[in-house]
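Chain residues, written in single-letter form:
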Amino acid sequence: MAEKRNIFLVGPMGAGKSTIGRHIADQLHLEFVDSDQEIERRTGADIAWVFDLEGEEGFRLREESVIGDLTEMQGIVLATGGGSVMSKEVRNKLSARGIVVYLETPIEKQVARTQRDKRRPLLQTEEAPRDVLERLAEEREPLYKEVADFTVRTDEQSAKVVANQIIEKLDF
């Protein structure tokens, strides 16, 4: 039997990685996994609590370990955390173990999609959310592009349409 392939979704918060990932997994009959949800499952606490207790550095170490484990699975669609690409080890594992899709999203859409979400620790600061998102984009966008096999924009289309565009590009 042929080896099952993995699809890894990268991109900023608010790009739709989880929603689009679920659509892809359903259509291709693969398992959907969200790295943030897996961290919460393993720690028994939400991401905000992990950030409060361990800081971003502690969270990133957990994220690196979890993504390392998850990428060893076969036949999954993985929605990664927006900052996971900051780790060279994570980028290497994603590249080596599956097809990486960068979900590119304009800052305006990110602001609109995240404005009421209190579960995003990096946005729970005195700094304006738009400023945070712009700074993160500047740091991370080159890394998303570096690790991605291809890029899909998620701004003006439904999650289902974007999922279908990704499926069409896959060589399964």
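Residues numbered from 1 in each chain as written. Predicted model: local features only at pLDDT ≥ 70, side-chain atom pairs only at ≥ 80, totals over all residues. Heavy atoms only, no water.

1. Digging into the side chain of Ser84
Alright, step 1. With respect to the secondary-structure elements, Ser84 resides in the loop between β3 (76–79) and α4 (88–97).
Alright, step 2. Within polar-contact distance, the side chain of Ser84 engages the backbone oxygen of Gly81 at 2.9 Å. (Helix = DSSP H or I, 4+ residues; strand = E, 2+ residues; numbered from the N terminus. Polar contact = N/O pair within 3.5 Å; in protein donor to acceptor, adjacent residues only side chain to side chain.)

2. Regarding the UniProt feature "binding site: ATP" (unreviewed entry) in the protein
Alright, step 1. UniProt feature "binding site: ATP" (unreviewed entry): in the numbering of this structure it lies at Gly14, Ala15, Gly16, Lys17, Ser18, Thr19, Arg120 and Gln157.
Alright, step 2. Inspection of the secondary structure assignment puts Lys17 in helix α1 (residues 17–28).
Alright, step 3. Residues contacting Lys17, with those up to four places away along its chain left out, are Leu9, Val10, Gly11, Pro12, Phe32, Ala79, Thr80, Gly81, Gly82 and Leu103.
Alright, step 4. A polar contact of 2.9 Å, which involves the side chain of Lys17, links it to the backbone oxygen of Gly11.
Alright, step 5. Note on placement: Thr19 falls in helix α1.
Alright, step 6. Its relative accessible area of 43% is what places Thr19 among the partly exposed residues. (UniProt positions renumbered as here; feature names shortened; annotations may be inferred. Contact = heavy atoms within 4.5 Å. Buried < 20%, exposed > 50% of the residue type's maximum accessible area, 1.4 Å probe, protein only.)

3. With respect to the packing of aromatic side chains
Alright, step 1. If you walk through the whole model with that rule in mind, you get two aromatic pairs.
Alright, step 2. Centroid distance Phe51 to Phe59: 4.9 Å. Interplanar angle 35 degrees. Geometry classified as tilted. (Phe/Tyr/Trp six-rings, centres within 6.5 Å; stacked < 30°, edge-to-face > 60°.)

4. Overview of the nonpolar core
Alright, step 1. One finds Val10, Leu78 and Leu94 to be the most contacted residues of the largest nonpolar core, which totals 22 residues.
Alright, step 2. Put simply, the parts of the chain that give this core at least two residues each are β1 (7–10), α3 (47–70), β3, α4, β4 (99–104) and α6 (129–147).
Alright, step 3. Residue contacts for Val10: discarding those within four places in its chain leaves Lys17, Thr80, Val85, Leu94, Val100, Val101, Tyr102, Leu103, Tyr144 and Val147.
Alright, step 4. Ile24, Phe32, Leu103 and Val152 belong to the second largest nonpolar core, which has 19 residues in total. (Core = buried A, V, L, I, M, F, W, Y, C linked by side-chain atoms within 4.5 Å.)

5. Regarding the side chain of Lys17
Alright, step 1. Comment: no salt bridge for buried Lys17; closest opposite-charge side chain is Asp36, at 7.2 Å.
Alright, step 2. Polar side-chain contacts of Lys17 include one of 2.9 Å to the backbone oxygen of Pro12. (Lys, Arg positive; Asp, Glu negative; His and termini not counted. Salt bridge = Lys/Arg side-chain N within 4 Å of Asp/Glu carboxyl O.)

6. Let's talk about the UniProt feature "binding site: Mg(2+)" (unreviewed entry) in the protein
Alright, step 1. According to UniProt, the feature "binding site: Mg(2+)" (unreviewed entry) maps to Ser18 in the numbering used here.
Alright, step 2. Of note, Ser18 is situated in helix α1.
Alright, step 3. When residues no more than four places from it in sequence are discounted, the contact partners of Ser18 are Phe32, Asp34 and Ala79.

7. So, α4
For an α-helix the count is 3.6 residues per turn, leaving residues at separations of three or four pointing the same way.
Alright, step 1. Within α4, the full set of buried residues consists of Val90, Arg91 and Leu94. Projected down its long axis, α4 carries its buried residues within an arc of 100 degrees, all on one side. The outward face of α4, more than 90 degrees from its buried face, is lined by the exposed residues Lys88 and Ala96.
Alright, step 2. Turning to α4, the residues buried within the fold contact β1, α3, β3, β4 and α6.
Alright, step 3. Between the side-chain oxygen at the start of α4 and the backbone nitrogen of Glu89 there is a gap of 3.3 Å, and the oxygen is on Ser87. (Arc of directions from axis to C-beta.)

8. Remarks on the packing of helix α5 (residues 107–114) against α6
Alright, step 1. At a closest axis distance of 10 Å, the pairing of α5 and α6 adopts a crossing angle of 130 degrees. By the angle between their directions, the pair α5 and α6 is classed as oblique. Relative to α6, the crossing made by α5 is right-handed. Residues Ile107, Glu108, Gln110, Val111 and Thr114 of α5 form the contact with α6, whose own contacting residues are Arg130, Leu133, Glu134 and Ala137.
Alright, step 2. For the contact of α5 with α6, the class distribution of residues is four nonpolar, two polar and three charged. (Axes fitted to C-alpha atoms, helices over the stretch in contact; angles between N-to-C directions. Parallel < 35°, antiparallel > 145°, perpendicular 65-115°, else oblique. Left-handed = near helix turned anticlockwise from the far one by under 90°. Nonpolar A, V, L, I, M, F, W, Y, C, P; charged D, E, K, R; others polar.)

9. Points about empty space enclosed by the protein
Alright, step 1. Enumeration over the complete set of coordinates arrives at one cavity of 30 Å³ or more.
Alright, step 2. Space inside the largest cavity adds up to approximately 40 Å³.
Alright, step 3. If you trace the largest cavity, you find it lined by Pro12, Met13, Gln110, Leu133, Leu136, Ala137, Arg140 and Tyr144.
Alright, step 4. Examining the composition of the lining of the largest cavity, we find that five residues originate from one element, α6, more than from any other.
Alright, step 5. In terms of residue class, the lining of the largest cavity is built from six nonpolar, one polar and one charged. (1 Å grid on protein atoms, 1.4 Å probe; cavity = no way out; pocket = protein on both sides within 12 Å on 5 of 7 lines; lining within 4 Å. Points joined across faces, edges and corners; volume = space filled by probe spheres on them.)

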